[in-house]
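Letter by letter, the chains look like this.
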2 protein chains.
Amino acid sequence: MFDKLISPDSIAVVGASSHPNKIGYVVLENLKNNGYGGRIYPVNPKGGQILGFKVYPSINDVPEEVDLSVITLPAEVTVKIFEDVAKKSKFIIPIAGGFGETGKEGKERERKILEIAKKYNARIIGPNTVGIYIPSTGVNTALVVPERSRFPGDGDIAFITQSGALGLLTMDSVSMYDVGFSSFINLGNRVDVNENELLQYFGEDEKSKVIIMYIESFANGREFMRVAKNVSRKKPIVVLKAGRTKRGGKAASLHTGALGGSDAVADGAFKQCGVIRAYDEIELVDYARALAYGKPIEGDRIAVVTSAGGVGVVTTDYIESEVRGIGMKMAELSDEIKRRIRDEVVPFASVENPVDMTAQASDDDYDGVLAALNDDPNVDAILVYALFQTPLISEKLVNIITKWHREGDKPIVVGTIGSEFALRMMRKFEDNKVPVYPSIERSVKALRVLRYRAKLLEYLEGVE
Amino acid sequence: MFDKLISPDSIAVVGASSHPNKIGYVVLENLKNNGYGGRIYPVNPKGGQILGFKVYPSINDVPEEVDLSVITLPAEVTVKIFEDVAKKSKFIIPIAGGFGETGKEGKERERKILEIAKKYNARIIGPNTVGIYIPSTGVNTALVVPERSRFPGDGDIAFITQSGALGLLTMDSVSMYDVGFSSFINLGNRVDVNENELLQYFGEDEKSKVIIMYIESFANGREFMRVAKNVSRKKPIVVLKAGRTKRGGKAASLHTGALGGSDAVADGAFKQCGVIRAYDEIELVDYARALAYGKPIEGDRIAVVTSAGGVGVVTTDYIESEVRGIGMKMAELSDEIKRRIRDEVVPFASVENPVDMTAQASDDDYDGVLAALNDDPNVDAILVYALFQTPLISEKLVNIITKWHREGDKPIVVGTIGSEFALRMMRKFEDNKVPVYPSIERSVKALRVLRYRAKLLEYLEGVE
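Residues numbered from 1 in each chain as written. Chains lettered and ligands numbered in written order. Predicted model: local features only at pLDDT ≥ 70, side-chain atom pairs only at ≥ 80, totals over all residues. Heavy atoms only, no water.

**Let's talk about the nonpolar core**
Going by this rule: Here the nonpolar core consists of buried residues drawn from Ala, Val, Leu, Ile, Met, Phe, Trp, Tyr and Cys, with membership extended through side-chain atoms lying within 4.5 Å. Burial classification: accessible surface area is computed with a 1.4 Å probe over protein chains only, and a residue below 20% of its type maximum counts as buried, one above 50% as exposed, and the rest as partly exposed. Note on definitions: a residue-residue contact is assigned when non-hydrogen atoms from the two residues lie within 4.5 Å.
A:Ile341, A:Leu373, B:Ile341 and B:Leu373 are the most contacted members of the largest nonpolar core, which has 199 residues in total. A:Leu373 has contacts with A:Ala303, A:Val305, A:Leu333, A:Ile337, A:Ile341, A:Val379, A:Ile382 and A:Lys410, leaving out every residue within four places of it along the chain.

Listed below in C-alpha cells is the structure:
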C-alpha cells in the first residue's frame, strides 16, 4: 500500500531551492547524497539547474506522473498549487507548518488539501511534518544540521512518530550505536495517512522486524486496537504514548492538538492488543532492539555471567526485586552445569549464579561458560556482561557471544560498561544484531521485555 | 587523617617489576605518567633500574620512611615481608587477593598483617584491592588495559567502593563525559581502613563536594549512621547498597563476604542519616553530579524549556506521574512571565509550561526565556533541554545555560539527546560543572535528587 512512498521510482521536489539553508535544497541534497536511485524532478518557476538537476518551472512540466511529491513551500502557497501536484502524484508530503496546528484558518487549509487529494486519489503524509526517512532507498525529506546530527543506517526498526523532532532526536542519539531503521515516518498533522494504515503496512513489511511508535493521541483508538492485535501476533509493537498524565495531556494538546483519554484505559487496551509500552525515548529503542534481534524468553529463570562481582550483585538485585527491578528469578544452576563451569574458570571464580569469572576471565572462559549455560534446563535466558577492561579479554569476545546468540538455544542479552572502547564493541554487537546495553538497568529491562513478549504471544494465541 | 595517603610525599612500590603486564610495572608507569610529584622507590631484590627509577633490593634499603607502600606481590610473600614494610610506611596497600576471601588460611594472613600494622602504627587499605586513584596527585595503583579503558580526570566526587571492578568500570564509563573525581578508594577486604573513616575524612575534604559509595555490607552500620548523619549536613552522600534482595545478598556474600541485613531496615536508616540511595552505577554518578554542581530544589514546581514539543510532553509525564515518574509538579507560570516569554520566542511557540520554543529557537531565545523564568516566583527549578540539531542553535547555548546556572537564582538541570555532537557539548557542560544528562528520564531523576537533598537538609536541621 505504501510501497511507492517507501521506495518511489520518481520524486518531485516542489519548491526546490538553490539556497543551501532551505528545505527545498536540503531534500534535493539528501536524495543526491544518500543514493536515491530513482528519477528526481525539482520544481521552481525560475527553472535552471540545482545540484546538477534540471529544474522544471511547474509540476505540470514534469514529464511523468510521480510516485512522491515533496512540497517545501509555505502553507498558503502549498494550498494554491495543491491541485496541480495532486493530479500528478501518488503520495504528497507537504512539509510546511501553518495548517491545523495554528487554528481555524489552518484547519480550512487542511480541509482543502484533503478534498483535493481525495479527488485525485493521492495520499497525504502530514502536513506540518519532517516527512520520511528511508535509509535503504535514500529517500529523506528531513532537515537537520549535518555537522550536529546524524541519520542512522538501514535496519530492522520501523518508526512511526507524531512528533518529528522527538523522532529525529531519537534516531540521532542511537545512530551513535549503529542502530538501524527500515523506515521513519512523521505523521505530522495526520490529515490523511494515519498510524493505523502504516502499522498495518509495516506489519507485512519483511524488512521491519519491529514497529515503534511515538503517539500523543490516536487517530482512531478502536481501529488501532484491531490492527495492533493482528500485527502484534506477527511482530512486536512498542508504543511511547506521551501525554499519559493530566498535565502531560495538556502539553500534548498544545503540541499536536491531541485529546488524551485516561492512561489506565490506554494501559489496559495496550495489553489486550499485544502492544508493549515504552515510557521514554531510551526505552523505545532499547526495547525495539531486544525484540528485533532477540528471542522471547519462555520462563523467569535468568543466568548472569560477569567478570566483575559487583556488577553481578547489582544485576541480581534488579532481576529479583519487585520494587526496583523486574521481579524475575535468578536461575538455580544444575549441579552438572556448575561442575562444567568450574572446569572452565579460574579457581577463585564463583560458579553460583551470577557466575563471576573475575578479572582473570578470558575469551575462552566466556565461551565455555556460555556453552554450559546453553545446556542447562534450569536456565530460560542469559544476561552476559562483556567487560573489555581486563587483560585476558579481547575483541574476539564479541564473536563468541554473537555465536551463542545465533546458534545457542537460549535468548541472550549483553550488557557492557565503559567508554570509547566499549562503545566501539557495542557497535560491533549491534552490527551483528545482538541486543547490547550500556548499563545494568537497561540490560535487565531488555530481559523483562523479551519475557513480556513471550507472555503476550501466549495471551494472543488464546484470544480470537 | 588520610592526607598522606591521598597526597603522599613518597611511595615505595614493593614488588616493582620490569614486565609491562605486571601490576608492579603498571603502578610505576602510572606514577611516572600521571604526574606524581613525590619520591618513588621501586623495591625488588634484583635491583637495577625500571622506567628510569633506581630499584632498591629491599624496603630496608629505602633511604626514608615512606608515606605509602604499595605491595604488588602474592599474598604469601606479602605476609612475609609485611613487617619490614610496616616499619617504614604510614599507609600500606597490599594489592593481592588470596586473603580472607579465599577461606581460613587467607583469614589467618589478614590477622597477621593487621597485627603487624597495628604494632607499627601503619594503616592498611585492602588487601585484595585495586587500591586508590587520586587524579590530582597522580597516585594510581589500579591495573587496567589502557587501550580499552580510561581513567577520569580531577573533579568533585569522592568515590569509596567495596568492589574495585565496579568502581573502575563506572569511572571508565563516565570519563567519556569528562566527569572528574577527587579520590577513588577501593576498600577491598577492608581488614583495617573502612568506609566510615574515609567518609569522615572526605566529609572534611574541601576538594570533595559529594561522596559516593558502593557497598555490599557495612563494616559497622551504627558507626556509619553516626558519621553519615554528621557528614550529610555538610555535603551529600550517595550510596549504592548492593545485595538489597535476598538473592542479591547471597551473591554479595560470595563476592565480598558481605552479610546483608534487611533492605527495608537499610532504607529507613539511610533516610535517618541523610543518605541518598542509588540503585545502580548510572544513578550513582548521575546523582553525584547533580548534587556536586547543582543547588537543592526548595519546592516542587518545575519549569521545562524545550525546542522539541514531544520531549516536553514526555518530560511533563515523568515530572507529574507518581507511577512512572517523580511525583513533582509542572510550575504554573505567572502571567507576566508568560508575556515576557511571548516576546522572546517565535509566534507559534508555546509559552505554557513546558515552554516549547520549536525548531525555530535561537540561542538568544533561550537566554530570554531563562531570564524570564529566573524571575518567576512560581518556579522552583528549571529543566532546560539543550538540543543542538536545529539551525539557529550553536555551541554558544552552552555558555548561555552555564551563565544562568551560575548566576541565576533557580537550580538548573540540563537535558540533551543526540550523538557525537551532543556528547561534545555534554563535555563542555561537564567542564563548566553544569549537571547535564543524555536522556529525559535521567534529567528528571536529577531534579528529584536535588529536591530530596533539600528535604534531607530540612529534616537534619530538625534533629540533634
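On we go.
**A short note on the packing of helix H13 (residues 363–374) of chain B against helix H14 (residues 396–407) of chain B**
Residues and elements named next belong to chain B. So the rule is basically this: Fitted lines through C-alpha atoms serve as axes, helices being fitted only where they are in contact, and the angles separating the N-to-C directions of these axes extend from 0 to 180 degrees. Comment: elements are numbered from the N terminus, with helices defined as DSSP H or I runs of at least four residues and strands as E runs of at least two. Note on terminology: angles under 35 degrees are roughly parallel, angles over 145 are roughly antiparallel, angles of 65 to 115 are roughly perpendicular, and the others are oblique. Under this grouping Gly is polar, as are all residues other than the nonpolar Ala, Val, Leu, Ile, Met, Phe, Trp, Tyr, Cys and Pro and the charged Asp, Glu, Lys and Arg.
Across the interface, H13 lies against H14 with an axial gap of 9 Å and an inter-helix angle of 10 degrees. Taken together, the axes of H13 and H14 are roughly parallel relative to one another. Where H13 approaches H14, its residues Asp363, Tyr366, Asp367, Leu370, Ala371 and Asn374 are matched on the opposing element by Lys396, Leu397, Ile400, Ile401, Lys403 and Trp404. For the contact of H13 with H14, a count of residues per class yields 7 nonpolar, 1 polar and 4 charged.

**Notes on the side chain of A:Asn374**
Residues and elements named next belong to chain A. This is how it is decided: Distance and chemistry together define a polar contact, namely a pair of N or O atoms within 3.5 Å, with one atom able to donate a hydrogen and the other to accept it when in protein, and with adjacent residues in sequence counting only for side-chain atoms on both sides.
Note on placement: Asn374 falls in helix H13 (residues 363–374). Judged by its relative accessible area of 10%, Asn374 is buried. Among the polar contacts listed, one links the side chain of Asn374 to the backbone nitrogen of Asp409, at a separation of 2.7 Å.

**Focus on helix H9 (residues 263–272) of chain B**
Residue and element names in this part refer to chain B. Condition: What the arc covers is the set of directions going from the helix axis to the C-beta atoms.
Taken residue by residue, H9 has Ala266, Ala269 and Phe270 as its buried positions. Within H9, the buried residues cover an arc of 100 degrees as seen down the axis, which keeps them to one side. Elements that come into contact with the buried residues of H9 comprise helix H7 (221–234), strand E13 (237–241) and strand E14 (275–278).

**What to know about the confidence of the model for chain A**
Caution applies to low-pLDDT regions: their predicted coordinates should not be interpreted in detail. Test applied: Note: pLDDT gives the predictor's confidence per residue, expressed from 0 to 100.
Per-residue pLDDT for chain A averages 95, and the proportion of residues at 70 or more is 99%. Predicted complex, confidence summary: ipTM 0.97, pTM 0.97.

**What about the relation of the copies chain B and chain A?**
In plain terms, the rule: To superpose the copies, least squares is applied to the C-alpha atoms of every residue with a pLDDT of at least 70 in both.
At an RMSD of 0.0 Å, chain B and chain A line up after a rotation of 180 degrees and a shift of 0.0 Å along the axis. In short, the pair behaves as if placed about a two-fold rotation axis. Looking at the interface residues of chain B, 100% of them are also at the interface in chain A, so both copies use one shared face.

**Here's the deal with the side chain of A:Ser69**
Counting through the fold element by element, A:Ser69 comes out in strand E5 (residues 66–71). The class of A:Ser69 is buried, set by a relative accessible area of 0%.

**Some words on the sheet that holds E13(B)**
Strand pairing in a sheet relies on backbone hydrogen bonds. The paired strands run either parallel or antiparallel. All names here are of chain B. Stated precisely, the cut-off is as follows: Two strands make a pair as long as DSSP finds a minimum of two bridges between them.
In space, the 7 strands of this open sheet follow the order E9-E8-E11-E10-E12-E13-E14, with mixed pairing throughout. Two strands close off the open sheet at either side, each with one partner strand: strand E9 (139–140) and E14. Where E13 meets E14, 4 bridges bridge the pair, whose relative direction is parallel. Bridging from a neighbouring strand, Val238 pairs with Ile276 of E14.

**Some details on the packing of aromatic side chains**
For clarity, the threshold we go by: Classification of ring pairs rests on two measures: the distance between centres of Phe, Tyr or Trp rings, Trp counted by its six-membered ring, which must be within 6.5 Å, and the angle between planes, read as stacked under 30 degrees, edge-to-face over 60 and tilted in between. Criterion for a charge above a ring: Arg CZ or Lys NZ at most 6 Å from the ring centre, at most 35 degrees from the ring normal.
In the structure shown here, the tally under the stated rule is 22 aromatic pairs over all chains. Ring centres of A:Phe218 and A:Phe270 lie 6.0 Å apart, and the angle between their planes is 70 degrees; this geometry places the pair in the edge-to-face category. Separated by 52 residues along the polypeptide, A:Phe218 in the loop between strand E12 (210–215) and helix H7 (221–234) and A:Phe270 in helix H9 (residues 263–272) bring together distant segments of the chain. Residue class for A:Phe270 comes out buried when judged on its relative accessible area of 3%. Aromatic pair B:Tyr201 and B:Phe202: ring centres 5.4 Å apart, planes at 70 degrees, arrangement edge-to-face. Ring pairing ties together the aromatic residues A:Phe2, A:Phe91, A:Tyr201 and A:Phe202, which thus form one cluster. Just above the ring of A:Tyr437 sits the side chain of A:Arg289; from NZ or CZ to the centre is 4.7 Å. Geometry around A:Tyr318 places B:Arg244 over its ring, the cationic atom sitting 5.4 Å from the centre.

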